Amino acid sequence: MNAINYFSQIGFEMNLFYNIDIESDDYFAFAFTKILQKLSLNKFLGDTLVDIGSGPGNSLLAFAKKFPFKNLVAIDGADNMLSFIQSDMRFALSDEVSIHTHNIDLENEMFPIDSRSVSSVNATTITSYVKNPLSLLNETSRILKKNGIFTLSIELTDAGETI
């Protein structure tokens, strides 16, 4: 079964059995969980999740509720979005989970993270908001450990409309 068919199956299962909208952040966390289980990749998750283009933290929270991350790192270019993460997410998570936010120019600044230090990185639709997505991918490659997991979701558009 190829990846597109597998995601279609997951989307159908989510709508039918779990009533989860396939365009929601919960969908990405649910799909990610299913893929990790199918491929037996849970052992590569590590204890830190870096979320690139976090916005208000919806994806970060969805992943944090599904997986036992101890450190959450939110990186975004909009400081006003990151303020939601520190205030709103703190109430939703255990005190054992640390949350760090970094407001940077996503296309021109290096992520404030050591090279090869992170096992899990997520980027949800961020490629739609930057002119040079390759710089984000290069930085992700720099911080990701060998055998680390990187999830990237993109918006497919046709004539300016999301497909």
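Given the structure is predicted, the values throughout are model-derived calculations rather than measurements.

Basis of the calculations
Throughout this document, residue positions are counted from 1 along each chain, in the order its sequence is written. Where totals are concerned, whole chains, interfaces and linings use all residues; where local detail is concerned, this predicted model gives features only for residues with pLDDT of at least 70, and gives and counts side-chain atom pairs only at 80 or more. Side-chain descriptors were evaluated using all non-hydrogen atoms of the structure, hydrogens and water having been removed beforehand. Values of pLDDT, which run from 0 to 100, indicate the predictor's confidence residue by residue. Whether two residues are in contact is decided by their heavy atoms, any of which lying within 4.5 Å being enough. Note on pairing: DSSP must find at least two bridges between two strands before they are called paired. For helices the rule is a DSSP run of H or I covering at least 4 residues; for strands it is a run of E covering at least 2, with both sets numbered from the N terminus onward. Every crossover in which the path from the first strand over the helix to the second runs clockwise, viewed with the strands pointing away from the viewer, is termed right-handed. Of the grid points, spaced at 1 Å and generated over the protein atoms alone, those admitting a 1.4 Å probe that cannot get out make up cavities, while open sets with protein on both sides within 12 Å along at least five of seven lines make up pockets; any residue with an atom within 4 Å of a point is treated as lining. Grid points are joined across faces, edges and corners, and a volume is the space filled by probe spheres set on the points. Each residue gets one of three labels, nonpolar for Ala, Val, Leu, Ile, Met, Phe, Trp, Tyr, Cys and Pro, charged for Asp, Glu, Lys and Arg, and polar for the others, Gly among them. For helices, the fitted axis covers only the stretch in contact; all axes are lines through C-alpha atoms, and the angles between them, taken along N-to-C directions, range from 0 to 180 degrees. Under the pairing criterion, centres of Phe, Tyr and Trp rings, with the six-membered ring standing for Trp, must be within 6.5 Å; the plane angle then separates stacked pairs below 30 degrees from edge-to-face pairs above 60, leaving the rest tilted. Summary of the burial criterion: residues with accessible area below 20% of their type's maximum are buried, those above 50% are exposed, and those between are partly exposed, where the area comes from a 1.4 Å probe applied to protein chains only. Relevant arc is that of directions from the helix axis to the C-beta atoms, nothing else. Expected span of a helix: the number of residues minus one, times 1.5 Å.

Draft legend 1. Representation of the confidence of the model for the protein in the model. Predicted confidence across the protein gives a mean pLDDT of 77, with 69% of residues reaching 70 or more. When the criterion is pLDDT under 50, residues 1-8 qualifies, and its contacts beyond four places in sequence or with other chains add up to eight contacts. Long-range and interchain partners of residues 10-20, a stretch whose pLDDT sits below 50, account for 22 contacts in this model, where long-range means more than four residues apart.

Draft legend 2. Representation of the pairing of strand β3 (residues 98-103) within the structure. Pairing between strand β2 (residues 71-76) and β3: six bridges, direction parallel. Following the sheet pairing, Ile75 is matched in β3 by His102. A crossover connection joins β2 to the parallel β3 through helix α4 (residues 79-92); in handedness this β-α-β unit is right-handed.

Draft legend 3. Geometry of empty space enclosed by the protein. Scanning all chains against the criterion turns up two cavities of 30 Å³ or more. Estimates place the volume of the largest cavity at around 50 Å³. Taken together, Ile52, Ala123, Ile126, Thr127, Pro133, Leu136, Leu137, Thr140, Phe150 and Leu152 make up the lining of the largest cavity. Elements represented by at least two residues in the lining of the largest cavity include exactly α5 (133-143) and β5 (144-153). Top contributing element to the lining of the largest cavity by residue count: α5, with four residues. Residues of the lining of the largest cavity, tallied by class, amount to eight nonpolar, two polar and no charged.

Draft legend 4. Representation of the sheet that holds strand β4 (residues 118-124) within the structure. Ordered in space as β3-β2-β1-β4-β5, the five strands form an open sheet in which the pairing is parallel. Taken across any chain shown, the strands that pair with only one partner, and hence form the sheet edges, are β3 and β5. Strand after strand, the sheet turns through a mean of 20° between neighbouring axes, direction not considered. Together, β1 (48-52), β4 and β5 form the strand contacts of α5, whose direction differs from that of β5 by roughly 145°.

Draft legend 5. Up close: the side chain of Ser119. When you line up the elements, Ser119 lands in strand β4. Ignoring anything within four residues of it in the chain, the contact list for Ser119 reads Phe44, Leu45, Gly46, Leu144, Lys145, Gly148 and Ile149.

Draft legend 6. View of the packing of aromatic side chains. Enumeration over the complete set of coordinates arrives at two aromatic pairs. Seen in terms of ring centroids, Phe63 and Phe67 are 6.3 Å apart; in terms of plane orientation they differ by 25°. Their pairing is stacked. Like Phe67, Phe63 is buried.

Draft legend 7. Representation of the environment of Pro133. As for its position among the elements, Pro133 is in helix α5. According to the relative accessible area criterion, Pro133 is partly exposed, its value standing at 28%. For the pair Pro133 and Leu106, spaced 27 residues apart in sequence, the C-alpha separation works out to 9.2 Å.

Draft legend 8. How the structure looks around α5. Of all the positions in α5, only Ser135, Leu136, Glu139, Thr140, Arg142 and Ile143 are classed as buried. Buried residues along α5 cover an arc of 160° about the axis, so they all sit on one side. Those residues of α5 that are buried are in contact with β1, β4 and β5.

Draft legend 9. Just α4, in detail. Given a rise of 1.5 Å per residue, 14 residues ought to cover 20 Å, and the 20 Å separating the end C-alpha atoms of α4 matches this to within 8%. Of the positions making up α4, those classed as buried are Leu82, Ile85 and Met89. On the buried face of α4, the contacting elements are α3 (58-66), β2 and β3.

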